[in-house]
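Chain and residue survey
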Amino acid sequence: MDVNALAFYVFAAITILASLGVVGQRNPMYSVMLLITSFGALAGLYVLLDAPFTAVTQIIIYAGAIMVLFLFVVMLLNVPREEPGLPGVLGALGTRGMQIGAVLSLVLGIEIVWALSRVGLGWFGQDAAATSVSSVTLIGKSLFTRHAFAFEATSILILVAMVGAVVIARRER
Amino acid sequence: MSVDPQIVAQLGLIFVIFNMLVLSAAFMVWMERKVCAYIQDRVGPNRVGFEGVLQPFADVIKLMFKEQLRPKAADALLFAIAPVISACAAFAAFSVVPFGTSTTLFGLLDEPVPLQVTDVNVAVLVIFAIASMGVYGIVLAGWSSNSKYSLLGALRSAAQMISYELSYGLALAAVIMLAGSLSLREIVMNQSGSWWGVIPKWYIFLQPIGFLVYMIAGVAETNRAPFDFPEAEQELVAGYHTEYSSMSFALFFLAEYVNMVTVAAVATSLYLGGWLGPFLPDWLAWVWFLVKVFLILFFYVWMRWTLPRYRYDQLMEFGWKWLLPVGVLNLLATAALVLWIG
């Protein structure tokens, strides 16, 4: 078998198994670690797609920065193991909550099928080199010229969210 | 089935680099003890081998025969893999560092093999990404030990690493702007030549403040003195590795020393012109690299036995209120300079 294809199947299998593990077992600490594993394997898939910059940003931002935050929250709140049948998150949601969740996942599934049918199968056959996003210079140029407004708007949005978090967390002394 | 000699050479190179890193950690332990001893007017280890050079190996053998202890309430799986994560992250970061031009092994190979595990075009970011993975080893070690001291120590170390990562990244960004490339090999090649035939075109002369910020952040990232809180057993009951013993404890130490070597090697590549230097022919250029890395590592050790430890709140204040603003200003000034000169 081709080495690239083999690597693809290995990374894809790790991604899927780790993602299933995140929701499939009850120790929140293990869930966080499996999510990091899944992100790492995803970065491997990006490398195979000839987009090392995307892969590295995936690791730095998701596996590095955001998951450390998750880990801190799980550690500091000392979330206990979820026992089956006990009033955990599922119990709090109740039957009604589970029904809403099922409907939402159904809607998401239909959306994905609809979106994929819009672009058609020919989209997957595109020449990868023609749309390659591996060049950091190209990404930077288009980010700061064509998408400058979206870029600035996003950063202001993040700043506002940060200020909001500080305001909520601050205690009056 | 024919074997490509190119691939064999590459695998051999990886093997050599891995063992060089392990040996450099052993050498660092020996140098640390020797330099410390002379600074304190002692002689240091001098029984095992010539001037005690075999002392680190004796230490490793001793550690291997120690009992592997694990607290009863610890999470067995995470407790076991935490030191492995630390060590793996430390070794992986070195894979993108170039330490010489390239070699054909005296004509054995058709095409020259660059002296480096792999040349990625986003090398600087790869180092940054892998360094951020090292935090998990520490956090998991602290959490899985199920001990208050370990947990608090892990939080301390993780907060320290995350805080100083920002200044570290800002210093890297300034160099990337100057070089216009993310590949360490290209950054080194950009530093060839000299001004007026005397001063080499190293980025340390263009980025003196950036170099300072990088070195301070690098020391904090590797949890070294004067920011070595995991070592503070008197006042803080050590750190994340309080409950570890035997070889798993040794793995944390190995990771710490390999991280130091990586920080020094990256500093050499970014600011001190990597393997570039006068007098030596191309195929011996790696000697310059080793000399520069050794000087930075010696500076590390020298600093540890000279400066007292910071207090934790001072560390945080220094990182956020001084180092980070200086890093941002340095970045802005560099950007303006690059724009102005073009």
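Residues numbered from 1 in each chain as written. Chains lettered and ligands numbered in written order. Predicted model: local features only at pLDDT ≥ 70, side-chain atom pairs only at ≥ 80, totals over all residues.

1. Side note on the overall build of chain A
Looking only at helices and strands, chain A features 6 helices and 0 strands. When its helices and strands are written in sequence order, chain A yields α-α-α-α-α-α. Counting only residues that meet the buried cut, chain A has 16% of its 173 residues in that class. For chain A, long-range pairs separated by at least 24 residues make up 55% of all intrachain contacts whose partners lie at least 6 apart in sequence. (Helix = DSSP H or I, 4+ residues; strand = E, 2+ residues; numbered from the N terminus. Buried ≥ 20, exposed ≤ 12 C-beta atoms within 10 Å, placed from the backbone. Contact = placed C-beta atoms within 7 Å.)

2. A word on the overall build of chain B
When helices and strands are counted, chain B shows 12 helices and 4 strands. The C-alpha atoms of chain B give 21 Å as radius of gyration, which agrees with the globular expectation for 342 residues (20 Å, within 12%). Viewed in the frame of its principal axes, chain B has a C-alpha envelope of about 60 × 55 × 45 Å. Here chain B holds 342 residues, and the buried ones make up 42% of them. Within chain B, counting contacts between residues at least 6 apart in sequence, those at least 24 apart form 76% of the total. (Rg over C-alpha atoms; globule rule 2.2 N^0.38 Å.)

3. Side note on the interface of chain B and chain A
Facing 16 residues of chain B, the contacting portion of chain A comprises 13 residues. At 10 residues, the largest contribution of residues to the side of chain B that touches chain A is made by helix α4 (residues 123–144) of chain B. In the side of chain B that touches chain A, the residues fall into 14 nonpolar, 2 polar and no charged. (Nonpolar A, V, L, I, M, F, W, Y, C, P; charged D, E, K, R; others polar.)

4. Topic: the packing of helix α5 (residues 148–179) of chain B against helix α12 (residues 312–341) of chain B
Between two packed helices, the angle of one axis relative to the other and the distance separating the axes together describe the packing. Residue and element names in this part refer to chain B. Here α5 crosses α12 at 15 degrees, and the two axes come no closer than 9 Å. By the angle between their axes, α5 is roughly parallel relative to α12. Of the two elements, α5 crosses α12, and the hand of that crossing is left-handed. Residue composition of the contact of α5 with α12, by class: 18 nonpolar, 7 polar and 1 charged. (Axes fitted to C-alpha atoms, helices over the stretch in contact; angles between N-to-C directions. Parallel < 35°, antiparallel > 145°, perpendicular 65-115°, else oblique. Left-handed = near helix turned anticlockwise from the far one by under 90°.)

5. A short note on the environment of Phe144 of chain A
Residue and element names in this part refer to chain A. Summarising the element assignment, Phe144 is placed in helix α5 (residues 136–144). Take Phe144: there are 11 C-beta atoms within 10 Å of it, and that puts it in the exposed class. For Phe144 and Leu17, which are 127 residues apart along the polypeptide, the C-alpha to C-alpha distance reads 38 Å.

6. Here's the deal with the nonpolar core
Val126 and Ile127 of chain B are the most contacted members of the largest nonpolar core, which totals 112 residues. Of the residues forming this core, the biggest block, 17 residues, is contributed by α4 of chain B. Excluding its chain neighbours within four sequence positions, the residues that come into contact with Val126 of chain B are Val56 of chain A together with Val96 and Val120 of chain B. (Core = buried A, V, L, I, M, F, W, Y, C linked by C-beta atoms within 7 Å.)

7. A closer look at the environment of Leu315 of chain B
Residues and elements named next belong to chain B. Looking at where Leu315 falls in the secondary structure, it is placed in helix α12. Sequence separation between Leu315 and Gln191 is 124 residues; the distance between their C-alpha atoms is 33 Å. With sequence-adjacent residues up to four places away left out, Leu315 is seen in contact with Gln160, Phe227 and Tyr310.

8. Notes on helix α1 (residues 3–24) of chain A
In this model, α1 of chain A (22 residues) spans 31 Å end to end at C-alpha, consistent with the 32 Å of a helix rising 1.5 Å per residue. Buried residues are scarce in α1 of chain A, accounting for 1 of its 22 residues. (Expected span 1.5 Å × (residues − 1).)

9. Considerations on the confidence of the model for chain B
Taken as a whole, chain B shows an average pLDDT of 82; of its residues, 94% reach a score of 70 or greater. Interface confidence in the predicted complex, given as ipTM, is 0.79; pTM for the same model is 0.82. (pLDDT = per-residue confidence, 0-100.)

10. A short note on the confidence of the model for chain A
Considering every residue of chain A, the mean pLDDT works out to 81; 80% of them sit at 70 or more. Across chain A, the secondary-structure element scoring lowest on mean pLDDT is helix α4 (residues 89–119) of chain A, at 81, and the one scoring highest is helix α6 (residues 148–169) of chain A, at 90.

11. Digging into unusual backbone geometry
All names here are of chain B. Of note, Asp41 is a non-glycine position whose phi angle comes to about 60 degrees, a positive value. Summarising the element assignment, Asp41 is placed in the loop between α1 (5–39) and α2 (55–64). Using a count of 6 C-beta atoms within 10 Å as the deciding quantity, one classes Asp41 as exposed.

12. Considering helix α3 (residues 52–77) of chain A
Between the first and last C-alpha of α3 of chain A there are 36 Å, a value that for 26 residues agrees with the 38 Å anticipated at 1.5 Å per step. At Met67 of chain A, α3 of chain A shows its strongest bend, of approximately 35 degrees. (Bend = angle between axes of the 7 residues up to and from the residue.)

13. Examining the packing of α3 of chain A against α4 of chain B
For the pair α3 of chain A and α4 of chain B, interaxial distance at closest approach is 9 Å and the crossing angle is 20 degrees. In terms of axis orientation, α3 of chain A runs roughly parallel to α4 of chain B. Crossing hand, α3 of chain A versus α4 of chain B: left-handed. Contacts between α3 of chain A and α4 of chain B involve Val56, Ile59, Ile60, Ala63, Gly64, Val68, Leu71 and Met75 of chain A from the former and Leu125, Val126, Phe128, Ala129, Ser132, Met133, Val135, Val139 and Trp143 of chain B from the latter. Considered class by class, the residues forming the contact of α3 of chain A with α4 of chain B number 15 nonpolar, 2 polar and no charged.

14. Some details on the environment of Ser269 of chain B
Residues and elements named next belong to chain B. In this structure, Ser269 sits in helix α10 (residues 246–271). Here the alpha-carbon distance between Ser269 and Gln191, two residues 78 residues apart in the chain, equals 9.3 Å. The contact partners of Ser269, leaving out residues within four places of it in the chain, are Val97, Pro98, Leu184, Ile187, Val188 and Gly274.

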